[in-house]
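Overview (structure and organization)
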Amino acid sequence: MFWILVQKELKTIIQSPKFVTTFLTCSILILLSVYVGIQDYKISLNKYAAAQSLVKNEMEAASTWLELENKIYRKPNPLQIFSAGINNDLGRFSLISQSHDIKLESSSYSEDPIFAFFRYLDFTFIVTIVLSLFAILFTYDSVNGEKESGTLKLVFSNSIPRSTFLGAKFFGSWLGLITPISIPILISILFLLLFNISLTSSQWITLILYIITSFGYFTFFIALGIMFSSFTKTSSSSFLISLVVWISFVFIIPRIGTMLAGQFVDIPSLAEIESMKDSFSKAKLNEQFEKIEQLQLKRENEMQGFSESEKEIYKEENEWEWMKEESAITKEMQDASVQYSNKLNEEVRNKKNKMERLALALSRFSPASSFQLASMNMIQTDIDLKNRAEDNLKEYKNSFVDFITKKQNKNGSGPGGIRVSLSSLTGVQVEDKRGKDKLDFTELPVFTEPELSLANIIQPAVMDIGLIAIYIFISFGISFAAFLKFDLR
Amino acid sequence: MLKNLINKEIREIIQSTKFVISFSVCSLLIILTFYVGAKSYHVNKSQFDSAAAENLRGMEGVTDWRMIDHNISLPPFPLAFLVSGISNDIGRNIKMSGYGELTAKDSKYNEDLIYAAFRFLDLDFIFQVILSLFAVLLAYNSVNGEKELGTLRLIFSNSVPRDKYILAKILGSFLAVALPLLIPFLIGMLLLILLNVPFTSTDWLKLLLIISTGFLFFGSFITLSVFVSTLTKKSSNSFLFLLVTWILFVLVIPRASILLAASAVEVPSVDKLNFQKNVFANQLSEEHVNALKSFKSSGAGDVIEEFQKYMAEKNATREEKMNAFSKQLEEERNNRQNAQQDLSFTIARVSPAASFSFAVSNLAGTSLELIKNYRDQAKNYQKVFADFQIDKTGSTTTSGMVMVVRKTGGDVKTINPSELPKFNFTQPDLSNVLSASIIDIGLLAFFNILFFAGSFVTFLKYDLR
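The text that follows walks through the structure, step by step, so that each part is easy to find. Quantities reported herein were computed from a predicted structural model and do not represent experimental measurements. (Residues numbered from 1 in each chain as written. Chains lettered and ligands numbered in written order. Predicted model: local features only at pLDDT ≥ 70, side-chain atom pairs only at ≥ 80, totals over all residues. Heavy atoms only, no water.)

**Here we look at the pattern of salt bridges**
The final tally for this structure, using the stated rule, is 34 salt bridges over all chains. A salt bridge links K103 of chain A to D106 of chain B, with the nearest nitrogen and oxygen atoms 2.9 Å apart. Highlighted residues: K103 of chain A in the loop between strand 2 (91-96) and strand 3 (105-107) and D106 of chain B in strand 3 (residues 104-107), drawn from two different chains. For R299 of chain A, the salt bridge is made with E325 of chain A, and the minimal N-O distance between the two is 3.2 Å. Of this pair, R299 of chain A sits in helix 11 (residues 270-302) while E325 of chain A is found in helix 12 (residues 308-363), placing the two residues 26 residues apart along the sequence. Look at R299 of chain A and you get buried, because its relative accessible area is 6%. The exposure class assigned to E325 of chain A is partly exposed, which follows from its relative accessible area of 30%. Through salt bridges that share partners, K8, E9, E12, E146 and K169 of chain B make up one connected network. (Salt bridge = Lys/Arg side-chain N within 4 Å of Asp/Glu carboxyl O. Helix = DSSP H or I, 4+ residues; strand = E, 2+ residues; numbered from the N terminus. Buried < 20%, exposed > 50% of the residue type's maximum accessible area, 1.4 Å probe, protein only.)

Below, the structure is given as structure tokens:
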């Protein structure tokens, strides 16, 4: 009996006029999004490669180790084809040099704001908004619609348990909607192969998991439609309720969640933090100058009463010691600045994490945000990408700076660059001490993005996937309970 | 007669459940948008103020105006919190110096990615997504629904002209929603006053224009829905058709247009530009050092002063060359970007939703023009700042070297940071924003007329039975 009901359900869906329209719309949208995503990914790969060779050229133009700067770009991720997440909002590169803090800057959207105007069309967007709407469109009248047309009475003139009927409804609509949607999804996976997008095996697994999660999210809306149709009498009211709930889940709750969280947690702006860092390091620089001046004055005092030749000898004897003293002061001040800026960064990051946790907790009342968060996490275009990337870059910066200092020490300790000296005898002299030899980059540490293990990728998404499952169970449970008491007449 | 028909229409809509529910949802959202917008404005303003204060504090104790680290940033303005446009996507902070190129960094979204993930709630979004959907919901069956119920025949058993009937349908559905919605908008405006959001009279006018444009957009979806319901026999068909159209207009066409334009017009990447500039700068720097090396003191007067002057001259020529080069590159990229923008906007304007977005972001001052405005005003400020430095110290910071003599001991004169000229960002005035948005407002009016005429013509031939 169950299978007959499922078959009937399948037939009703596939033969309905809305099926052709919605199926076509969905297919076109999915294929379009994936195609565009692939093109976009290819463009960003080219950009990435070009940027890297430009950085190499720039570095080769440097003539001293001290002035060497590196720029590390974020590598495009092939799975961003399906879920762009915050990829276009996050800065694309960070400068790596002794004097710069790691900071990802120049997001794609800030460079080409025209793309920011309407944002991006990706698979996640289509699933979140369009597919969920269609799921509701097919299920909002699945129970009370049959009552309105009188077929419900007919069905129950046979001896069918209510649970079987509802189970068949659910399974039938699920099968009737998931199967056709799978076709464009399979084609889009074919696209990946066709356009030579190479994925690692863990990326393939992630992709499959991601698609399963999308199906889960879609299933939730099927269950939601059935739920409303089994506890309202008329299909028009169940439609209205489902539509309002859909709007709240998809558009309203996620936004309001984050906006409210922003009101509760006060985070100092980046501009303020940078100014604080600037003032601090300036103060330290002044302190450094003053301390060194005092040292010099002290030395002058020590040498009082010496003749010129005695002074020369004394200076030569102590030169090494003095230099060490001075550089110790310099180092102390620099370290203090670095420490201060790390402390500030840490504080801001903590506050931000607090705010983000709150925002996410609020927005997770909507399955749509859970789905978005789960997919961003799996595909690694999530909010935490910034922290991960910056942490990796910090590590790289350390090895980069170490390398440069070593090279610098080996090639003589002079600062290089251009020196303007002034003497009463020769007047002004400009010396260009920059070496004319090319720097040797063979030993330069290369940045490699550490690859996350599959477990690490899936783990942050587990909570949201679980939430979606819970949402499905709740809505199915409620529809079950409501239908047991449903007035069939 | 017309009045009666409109009255009937309004009464029918207002008494329906779908109106009550959709009206409450919209009202809630509108009020929330104003409230959260006002609050966010204050949060951002205080962040902005403390950043500016911190920046000035950092200058205390500095002895030379050429040694300051000076940042300017785009101040938050109230309308951006009601229609955010691209205001969160563009760089806001600029490191100011008396010479050279200015780059705006740190977009709000890059700073707070959580907002980028879910975006903001603003009036653009409410009208574009929510109200348009409700317009469809309220009017999809306005004609064929009455036919299904049989009331259409009843009405036309009286001597009602068809043109009056269809006019009443459209006006009635529009007024039934627009009039009640004025209440949450008024409450929202009251909130702005109560929460002390500094709105100038121009801002108020702009806000009124934004809301009116919103209603014009809403009207286009009402007329479209009525049009479709006169085209189709069954209300379920018209609903399906309208829903797909809604998805296309609101979600797909605007995005697709930009992607299409991007593949048609290529814009050189910023990386490439920066590289070309770097190569050129290196070349110039080489020449510069050689020029400095050839310095010969005339022997008369202060050597340092003479050298400073010589260096300043060389800096200026190097500066000029670099600027000309950068300007040329930037212009090329800007032209490309403009071509791309024009193409994508033209395609996008097929959809009233895109026209609406363009119109209101222009009115709010958060359209793509904002970038240009900010850049231009920052450049003007740069001149003011350079003049100020020259006035104070005799020269401005340049791409070359500056010799700053550090005096020790005695009385060191520190600068007074409050003397620094302030950067004020001025909003485009009303006539500017109006002329920028007039095309799109006109288009929206055109859509209204088009759909109205369509429903009029089809209804004249409509089978009433």
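**Digging into helix 1 (residues 2-15) of chain A**
Residue and element names in this part refer to chain A. An ideal rise of 1.5 Å per residue puts 20 Å on 14 residues; helix 1 measures up with 20 Å between its terminal C-alpha atoms. Taken together, the buried positions of helix 1 are occupied by L5, V6, E9 and I13. The arc that holds every buried residue of helix 1, seen down its axis, measures 100°, which confines them to one face. Helix 1 presents W3, I4 and Q15 as exposed residues on the side facing more than 90 degrees away from its buried surface. Where helix 1 is buried, its residues meet helix 2 (17-61), helix 5 (123-139), helix 6 (144-149), helix 7 (151-156) and helix 8 (162-194). (Expected span 1.5 Å × (residues − 1). Arc of directions from axis to C-beta. Contact = heavy atoms within 4.5 Å.)

**Digging into the packing of aromatic side chains**
All names here are of chain B. Under the criterion given, the structure shown has 67 aromatic pairs over all chains. With a centroid separation of 5.5 Å and 70° between ring planes, the pair formed by Y381 and F423 is classed as edge-to-face. Here Y381 is found in helix 14 (residues 369-393), whereas its partner F423 is found in the loop between helix 14 and helix 15 (430-460), with 42 residues between them in sequence. On the basis of relative accessible area, F423 is assigned to the buried category, the value being 16%. Ring geometry for F459 versus Y462: centroids 5.6 Å apart, planes at 25°, classification stacked. For F459, a relative accessible area of 0% corresponds to the buried category. (Phe/Tyr/Trp six-rings, centres within 6.5 Å; stacked < 30°, edge-to-face > 60°.)

**Quick notes on the interface of chain B and chain A**
Contact residues are listed per partner, giving 95 residues for chain B and 93 residues for chain A. For the pair chain B and chain A, the two sides together bury roughly 8,500 Å², of which 70% comes from carbon and sulfur. Along the contact surface separating chain B from chain A lie 16 residue pairs in polar contact (both at pLDDT 80 or more). Residues that form the side of chain B that touches chain A fall into these classes: 54 nonpolar, 23 polar and 18 charged. (Buried area = accessible area lost by both parts, 1.4 Å probe. Polar contact = N/O pair within 3.5 Å; in protein donor to acceptor, adjacent residues only side chain to side chain. Nonpolar A, V, L, I, M, F, W, Y, C, P; charged D, E, K, R; others polar.)

**Things to note about a nonpolar patch on the surface**
On the surface, V20, L24, I28 and L32 of chain A cluster together into a nonpolar patch covering about 340 Å² of accessible area. Relative to the assigned elements, V20 of chain A resides in helix 2. (Patch = residues over 30% accessible without salt bridge, like charges linked within 9 Å, V, L, I, M, F, W, Y side chains within 5 Å. Areas by Shrake-Rupley, 256 points an atom, 1.4 Å probe, with all protein chains shown as cover.)

**Describing the pairing of strand 2 (residues 91-96) of chain B**
All names here are of chain B. Taking burial as the measure, the six residues of strand 2 include five buried ones, the bulk of the element. Summarising the sheet, strand 1 (residues 70-73) and strand 2 pair through four bridges and their orientation is antiparallel. Considered in strand 2, the bridge of I72 is made with I94. Where strand 2 lies against strand 3, three bridges are found, and the strand directions are antiparallel. The partner of I94 across the bridge, within strand 3, is A104. (Pairing = 2+ DSSP bridges.)

**What about the sheet that holds strand 2 of chain B?**
All names here are of chain B. Taken together, the three strands give an open sheet; going across it, the order is 1-2-3, and neighbouring strands pair in antiparallel fashion. Of all the strands in the sheet, just strand 1 and strand 3 have a single pairing partner and so form its edges. Direction aside, the axes of adjacent strands within the sheet are offset by 30° on average. With respect to the sheet, helix 14 is in contact with strand 1, strand 2 and strand 3, its orientation differing from that of strand 2 by roughly 20°. (Axes fitted to C-alpha atoms, helices over the stretch in contact; angles between N-to-C directions.)

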